[in-house]
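Next come the chains, spelled out residue by residue.
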Amino acid sequence: MAMSTEHSKIIVENLKYKYLATDFLALDGISFSVEQGEFIGIIGKNESGKSTLCQAIAGLVPNFHKGAYGGRILIDGLEVKNVELSELCKKVGIVFQNPFNQVTGSKLTVYEEIAFGLENTGIEKQEMIRRIDDAMELLDIAKYKDRNPFDLSGGQMQRMAIASIIAMQPEVIVLDEPTSQLDPQGREEVYQAVQKLSKKGITIFMVEHNMEKIASYSDRVLLLDGGRLIDFDTPQRIFSREDLDTYGVEVPAFTRICKELNLKNPGTGCYPVTLEEAYDLLSKEKREM
Amino acid sequence: MKSISLYEEKGSLLNKLAPESKILYIIIALLLPVIMGSRWVSIGFIAVSFFLLLISKVLRKTVPILSISGFVLLTVVIIQGIFRAGNVTPVFAVGPVSFYKEGLMFAFEIVVNVLNILLSFCVLILTAKPSDIVENFVRKGFSPRFGYVFISVFQIVPQMTETMSTITDAQRSRGMETEGNLLVRIKAFGPLISPVVMSSLINTRERALALEVRGFNARNKKTFLNDEKKCGADKYIQLGMLAMLIAGIVWRVAGWR
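Please read these numbers as outputs of a predicted model, since none were measured by experiment.

Undergrad: Can you walk me through the overall build of chain A in this structure?
TA: Summing up its helical and strand segments, chain A has 11 helices and 10 strands in all. Relative to its length of 289 residues, chain A is compact, with a C-alpha radius of gyration of 20 Å against a globular reference of 19 Å. Buried positions account for 49% of the 289 residues belonging to chain A. Long-range pairs, those at least 24 residues apart, make up 66% of the contacts in chain A between residues at least 6 apart in sequence.

Undergrad: Looking at this model, I keep getting lost on the overall build of chain B. Mind explaining?
TA: If you tally the helices and strands in chain B, you get 9 helices and 2 strands. Reading chain B from its N end, one meets helices and strands in the order α-α-α-α-β-β-α-α-α-α-α. Projected onto its principal axes, the C-alpha coordinates of chain B cover approximately 65 × 55 × 30 Å. Within the span of chain B, comprising 257 residues, buried residues form 23% of the whole. Within chain B, contacts between residues at least 6 apart in sequence are counted, and of these 72% link residues at least 24 apart.

Undergrad: Could you clarify how one ought to interpret the interface of chain B and chain A in this entry?
TA: Think of interface size as the accessible area that goes away when the parts come together; that is how it is often given. Listed per partner, the contact involves 28 residues of chain B and 32 residues of chain A. Of all elements in the fold, only α7 (144-173) and α8 (182-212) of chain B reach the threshold of two or more residues within the side of chain B that touches chain A. No other element matches α8 of chain B, which puts 7 residues into the side of chain B that touches chain A.

Undergrad: For this particular structure, what's the right way to read the pairing of strand β8 (residues 203-207) of chain A?
TA: A regular strand places its side chains so that they alternate between the two faces of the sheet. Residue and element names in this part refer to chain A. Most of β8 sits inside the fold, with 5 of its 5 residues counted as buried. Of the two faces of β8, the one carrying Thr203, Phe205 and Val207 and the one carrying Ile204 and Met206 are both buried. With 4 bridges joining them, strand β3 (residues 39-43) and β8 adopt parallel strand pairing. If you follow Gly41 over to β8, its bridge partner there is Met206. The β-α-β motif built from strand β7 (residues 172-176), the intervening helix α7 (residues 184-199) and the parallel element β8 has right-handed crossover chirality.

Undergrad: What exactly am I supposed to notice about the sheet that holds β8 of chain A here?
TA: Strand pairing in a sheet takes place through backbone hydrogen bonds and is either antiparallel or parallel in direction. Residues and elements named next belong to chain A. The strand order across the open sheet built from 6 strands is β6-β7-β8-β3-β9-β10, with neighbouring strands paired in mixed fashion. Each having just a single partner strand, β6 (92-95) and β10 (228-233) make up the two edges of the open sheet. Adjacent strand axes in the sheet meet at a mean angle of 15°, parallel and antiparallel pairs treated alike. Pairing of β3 with strand β9 (residues 220-225) involves 4 bridges; the strand directions are parallel. Residue pairing in the sheet places Ile40 in a bridge with Arg220 of β9. The sheet strands contacting helix α1 (residues 50-57) are β3, β6, β7, β8 and β9, and the helix crosses β8 at an angle near 155°. Its contacts with the sheet put α7 on β3, β7 and β8, and the angle it makes with β8 is roughly 150°.

Undergrad: What should I look at first to understand the sheet that holds strand β5 (residues 78-79) of chain A in this one?
TA: Residue and element names in this part refer to chain A. Strands sit in the order β2-β1-β4-β5 across an open sheet of 4 strands; the sheet is antiparallel. The open sheet has two edge strands, β2 (27-34) and β5, and neither has a second partner. Relative to β5, strand β4 (residues 67-75) is paired through 2 bridges, and the arrangement is antiparallel. From the neighbouring strand, Ile75 faces β5, where its bridge partner is Leu78. α1 rests against β1 (10-19), β2 and β4 of the sheet, and its axis sits at about 55° to β2.

Undergrad: Please explain helix α10 (residues 253-261) of chain A as it appears in this structure.
TA: Because the α-helix completes a turn every 3.6 residues, residues three or four places apart line up on one side. Those residues of α10 of chain A lying buried are Phe254, Thr255 and Cys258 of chain A. Down the axis, α10 of chain A shows its buried residues gathered within 95° of arc, on one side only.

Undergrad: Would you explain the pairing of β10 of chain A in this entry?
TA: Residues and elements named next belong to chain A. As paired elements, β9 and β10 share 5 bridges and run antiparallel to each other. Among the inter-strand pairings, Leu224 is bridged to a residue of β10, identified as Leu229. Turn length for the β9-β10 hairpin, with the two strands adjacent in sequence and antiparallel, is 2 residues, and the turn residue Gly226 shows positive phi of about 55°.

Undergrad: Where do I start with unusual backbone geometry in this structure?
TA: Residues and elements named next belong to chain A. Here the amide bond leading from Val61 into Pro62 is cis, since omega sits at 10°, within 30 degrees of zero. Mapped onto the elements of the fold, Pro62 is located in helix α2 (residues 60-63). At Asp140, a residue that is not glycine, the phi angle is positive and equals roughly 60°. Within the secondary structure layout, Asp140 lies in the loop between α5 (125-138) and α6 (154-166).

Undergrad: Just checking my understanding: could you explain the packing of helix α6 (residues 130-139) of chain B against α7 of chain B for this structure?
TA: A pair of packed helices is captured by two measures, namely the crossing angle of their axes and the spacing between those axes. Residue and element names in this part refer to chain B. Between α6 and α7, the least distance of the axes is 10 Å, while the angle of their chain directions is 180°. As summarised for this structure, α6 and α7 are arranged roughly antiparallel, according to the angle between their axes. Contact residues: α6 offers Pro130, Ser131, Val134, Phe137 and Val138, while α7 offers Pro144, Gly147, Phe150, Ile151 and Phe154. Its residues assigned to classes, the contact of α6 with α7 shows 8 nonpolar, 2 polar and no charged.

Undergrad: Hey, could you run me through the confidence of the model for chain A in this one?
TA: Parts of the model with low pLDDT should not have their predicted coordinates read in detail. When pLDDT is averaged across chain A, the result is 90; 97% of the residues are at 70 or more. A low-confidence stretch, residues 1-5 of chain A (pLDDT under 50), is modelled with 6 contacts involving residues beyond four sequence positions or located in other chains.

Undergrad: Sorry if this is basic, but what is going on with the environment of Ile156 of chain B here?
TA: Mapping Ile156 of chain B onto the fold places it in helix α7. In this structure, the C-alpha to C-alpha distance between Ile156 of chain B and Leu118 of chain B, residues 38 residues apart in sequence, is 26 Å.

Undergrad: Hey, could you run me through the nonpolar core in this one?
TA: Taken as a class, soluble globular proteins show a tendency for nonpolar side chains to be buried jointly. Residue and element names in this part refer to chain A. Ile114, Ala163 and Val174 are the most contacted members of the largest nonpolar core, which has 94 residues in total. Counting residues per element, this core draws most heavily on α6, which supplies 7 residues. Once you skip the residues sitting within four places of it in the chain, Ala163 turns out to touch Ile114, Ala135, Met136, Leu139 and Ile141.

Undergrad: Can you help me understand the confidence of the model for chain B in this one?
TA: On average, residues of chain B score 90 in pLDDT, and 99% of them reach the 70 mark or higher. Scored as a whole, the predicted complex attains pTM 0.85, and scored at its interfaces, ipTM 0.87.

Undergrad: Is there a simple way to think about the environment of Thr161 of chain B in this case?
TA: By the element assignment, Thr161 of chain B lies in helix α7. Counting along the chain gives 35 residues from Thr161 of chain B to Val196 of chain B, while the straight-line C-alpha distance between them is 9.1 Å.

Undergrad: Would you explain α8 of chain B in this entry?
TA: Between the first and last C-alpha of α8 of chain B there are 44 Å, a value that for 31 residues agrees with the 45 Å anticipated at 1.5 Å per step. Of all the bends in α8 of chain B, the largest measures some 35° and sits at Phe189 of chain B, one to four residues before the proline Pro191 of chain B. Within α8 of chain B, burial applies to Arg207, Ala210, Leu211 and Glu212 of chain B. Looking at the buried side of α8 of chain B, the elements it contacts are α2 and α3 (85-88) of chain A.

Scoring rules and cut-offs
- Residues numbered from 1 in each chain as written.
- Chains lettered and ligands numbered in written order.
- Predicted model: local features only at pLDDT ≥ 70, side-chain atom pairs only at ≥ 80, totals over all residues.
- Helix = DSSP H or I, 4+ residues; strand = E, 2+ residues; numbered from the N terminus.
- Rg over C-alpha atoms; globule rule 2.2 N^0.38 Å.
- Buried ≥ 20, exposed ≤ 12 C-beta atoms within 10 Å, placed from the backbone.
- Contact = placed C-beta atoms within 7 Å.
- Pairing = 2+ DSSP bridges.
- Right-handed = clockwise from strand over helix to strand, strands pointing away.
- Axes fitted to C-alpha atoms, helices over the stretch in contact; angles between N-to-C directions.
- Arc of directions from axis to C-beta.
- Parallel < 35°, antiparallel > 145°, perpendicular 65-115°, else oblique.
- Nonpolar A, V, L, I, M, F, W, Y, C, P; charged D, E, K, R; others polar.
- pLDDT = per-residue confidence, 0-100.
- Core = buried A, V, L, I, M, F, W, Y, C linked by C-beta atoms within 7 Å.
- Expected span 1.5 Å × (residues − 1).
- Bend = angle between axes of the 7 residues up to and from the residue.

The following block contains the structure:
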């Protein structure tokens, strides 16, 4: 399954967690490791522990939400549980589902809003301006810099939330269903932005219900069910599993079609998961006919 | 988005001054009349406040503030003028009711004090941006957390008002009556306010998470994107006002002998 090397960026070892006032484990014995710069998709049905895992990586579990915690998460050799959130936020950034609730409400312009985290962590003014300009450039929101944060559309607001995190220059960014409340255009804007970050070598964890997107962007996919890690592998191998229905995962349309046609990629022995892959395979098939 | 702050940027001289100078102005406008024990000082400060508001082009914004308190003050004048204990010297009569000099003088003093307080505070709140006031305080060692609470009110409250109107529309579309006589409105209050409270609680929790991951509780020294709001004249204005305060105290102490 996961390659467990000493040099991995993030190592999760037998992670267990139970929220206060519940009597089941939200995370149950999860272990995996991730290399620097990987794009990891996290999938699973509701209540499978996706958001809890995200918050555990960002240290909010157990340092914000109390509860019973076991095992450990190491990021660059630092044990997340023992690092204060105000320190960890320089290494790991997290973007939540609702863009609206991520606006601090204490700043009057988008530019100042992005500066919020930098002011708190004591970045010098010149450096701050440089980072904010970079982040706004990357997410293509420079044109809104003097607008009130609350006057932006959902997609713009979510990109501002991502920019606020990017500006803090974390090495790992966790996105917990960042596009679920956005329209298709807003969703595409966010995806484009995240892909740019991934290319810059930032490790990305992304929870997403749109399997086509997960299939085309992820290097590896983490499949969770009932707080347990079911599988952690390439999208091709994950989506070629026969038992995905039991985990409430809907396979990408291209994979479904190729499954019906029994078309496997001879290179990997798996069904194709993206449009391009399916197209290549089908056109090859056609030529052979 | 509509703001609940009364501040408006007019590019005036007072807009450029540091908020501290204006706060110091409030302090001496309220303290000096007490120290010097003369209502003429209050009247002087009222005139100065009027002048400051006039050159800042915000005098018109004081009208709603003054008209609300003016109504209260009018009742003070009437009641004190007619009924104050110790009223002996009638000044004028309206029909069968006569107004007395002692009561009117007492009411006049109250009016002067209230106007002085209102106008000097107007000088601050109409010409200083709330975020500048708080930021300058945080620079001087005020807790950033309290600063956040103070400043976020200006944005979160209008947001809650907006949520409220969305919920009102939603409940109305389900057939709930929200308009009509008092009883109807009271009955509508519960179904309207409870979703607002619930959603505010949930939003607050989520916002707390979002603040936390942006270093809200960091212990290191904060830096600031914006430069401190002040100009060259501030130092002299503040020194001048302190000198006035000291002069007032000296005058009073010397006057006692």
